[in-house]
Amino acid sequence: MKRKLIAAIGIAGMMASIAACGGSDDEASKQDPKDRKGELTVWLMVDAQSSWPELVKQANTEFNKKYPGVKVNVQYQQWGDKTKKLDAALSGDSFPDVVELGNTETMTYILNGALGEIDAKKYDNSDTWIEGLKDTCSYEGKLYCVPYYAGARVAIYNKDMFKAGTGSDQLPKTEDELLKALDKVQDKYKKDNAFSALYLPGRYWYAAMSYVAAYGGEIATYDEGSKEWKAALSTPEAQKGIQHFIDLVKKYNHGDQTKDEQDHANVMANEKTALLYGNAWEAGSVVDSKTNGNPKLKDKIATAGMPGPEGKALPSFIGGSDLATVSKSDQQDLGQEWISLFTNEKSQAALAEKNILPNNTKQLEPLKAKPETAPIANAVPDAWFTPIAPGWSAIEKKETLETMLLDILKGKSVAEATKAADAEINSLINEAS
């Protein structure tokens, strides 16, 4: 596959910039750390500022002990406009040295040549990094970012509603038992026409693809012979998973079935559903007044592993963040050192104490037995991820999977809709290859 460089920069300009910066970086790295001067710009998402600012301070303090002449300038970004700002920065002369990326964003910047190569040996627990996160940083045998933290989707449910409907405030362990329980819960609250025992939005493609994974299907597969990615939603396994998802939406979602999952925590906060499938942290959003949550539901909202088809747990999408150096930076060695301090075992332990999943299986293991984290920690090992394929960002941007699901909800057959989705996916992959 050819690497496509950022269009706004231009291939020649980008390569010249990388080459020039590489030489400067090599010369600077030979200096005594105490003689290094300047500023290291780090872009982190706002989560670090609001939830673990002490880790940022700790990394900066340790860094400045070794490099007292280098100021660390941490700039916090919002998820909504981060990539737009980053693309603009990379096309100019003012860009970060270190950047946090969501793990579905990394491949775009790897293929664009925007990220510097990383040596895994310089980082704590790199031999036990969670495979799904490491994969998002890897391309053609090389590593371009460092796993930061992991996330997974779980069942989020209202204990009181389940108890009122079934007599038990525990989520059933199998899907067959869960569907029977949902029928009872729905019947209990049937006077509210907008109540959904399970609120599963129709455009929620992450959930739909979890059911695809449950039946052994995939969005796209890589052929070792041709060295190419090919869409795979038309396979019997994928179609079975999609149909299963659609059936659940139609049966249990009594709200607007054409919406996505962005406000489903608010649906639960407004007591219009007993069960969601979402990120574990969204359980907090349900009860947090700052996020339009309902504090009255505190102690009533719980999480558990989501039961899936055929007696197995529903495979979860593995989310999370990665950290990378920018290839145009002339101080990538400093960026790598800062990342090393920010993701070392001590920092990961601090994240784990906050019930955030660490980047490695060694420190993840104790969280599998901790009640607050067991559902999400146990969902990680069998989690799935989007194809590590060129063109994936375009597939997401064109909302290919959402369009497919909406078409089926509007009456198009699964076979017809998946065929159309596969054609578009293959086209976008080929354009980016």
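Residues numbered from 1 in each chain as written. Predicted model: local features only at pLDDT ≥ 70, side-chain atom pairs only at ≥ 80, totals over all residues. Heavy atoms only, no water.

Going by what an unreviewed UniProt entry lists, the protein is known as Sugar ABC transporter substrate-binding protein and is assigned to Streptomyces salinarius. Check the Sequence similarities (unreviewed entry) section of the UniProt entry for the protein; it says "Belongs to the bacterial solute-binding protein 1 family." (UniProt positions renumbered as here; feature names shortened; annotations may be inferred.)

Caption draft 1: Up close: helix α19 (residues 414-432). Its 19 residues place the ends of α19 27 Å apart at the C-alpha level, agreeing with the 27 Å of an ideal helix rising 1.5 Å per residue. Looking at α19, one finds that the buried residues are V414, A417, T418, A421, D422, I425, L428, I429 and A432. When α19 is viewed along its axis, its buried side chains cluster within an angular range of 135 degrees and face the same direction. Looking at α19, the residues exposed on the side facing more than 90 degrees away from the buried face are K419 and E431. (Helix = DSSP H or I, 4+ residues; strand = E, 2+ residues; numbered from the N terminus. Expected span 1.5 Å × (residues − 1). Buried < 20%, exposed > 50% of the residue type's maximum accessible area, 1.4 Å probe, protein only. Arc of directions from axis to C-beta.)

Caption draft 2: Molecular detail of the nonpolar core. Ranked by internal contacts, the top residues of the largest apolar core, which has 82 residues, are F162, M209, I242, F245, L275 and M404. Setting aside chain neighbours within four positions, we find I242 in contact with M209, V212, L233, M404, L405, I408, V414 and T418. (Core = buried A, V, L, I, M, F, W, Y, C linked by side-chain atoms within 4.5 Å. Contact = heavy atoms within 4.5 Å.)

Caption draft 3: Layout of the packing of helix α10 (residues 236-252) against helix α18 (residues 400-409). Contact geometry of α10 with α18 gives a least axis separation of 11 Å together with a crossing angle of 60 degrees. If you check the angle between α10 and α18, you find them oblique. Of the two elements, α10 crosses α18, and the hand of that crossing is right-handed. Of the residues in α18, those touching α10 at I242, F245, I246, V249 and K250 are M404, L405, I408 and L409. Among the residues forming the contact of α10 with α18, the class breakdown is eight nonpolar, no polar and one charged. (Axes fitted to C-alpha atoms, helices over the stretch in contact; angles between N-to-C directions. Parallel < 35°, antiparallel > 145°, perpendicular 65-115°, else oblique. Left-handed = near helix turned anticlockwise from the far one by under 90°. Nonpolar A, V, L, I, M, F, W, Y, C, P; charged D, E, K, R; others polar.)

Caption draft 4: The packing of aromatic side chains, seen in detail. A full pass over the atoms with the stated rule returns 17 aromatic pairs. Geometrically, the ring pair formed by W52 and Y148 is edge-to-face, given 6.4 Å between the ring centres and 90 degrees between the ring planes. Of this pair, W52 sits in the loop between α2 (46-51) and α3 (53-66) while Y148 sits in strand β6 (residues 146-158); the two residues are 96 residues apart in sequence, bridging distant segments of the chain. For W52, a relative accessible area of 3% gives the class buried. (Phe/Tyr/Trp six-rings, centres within 6.5 Å; stacked < 30°, edge-to-face > 60°.)

Caption draft 5: Summary view of the pairing of strand β8 (residues 220-223). Strand direction decides the pairing type here: β8 and strand β9 (residues 228-231), joined by four bridges, are antiparallel. If you follow Y222 over to β9, its bridge partner there is W229. (Pairing = 2+ DSSP bridges.)

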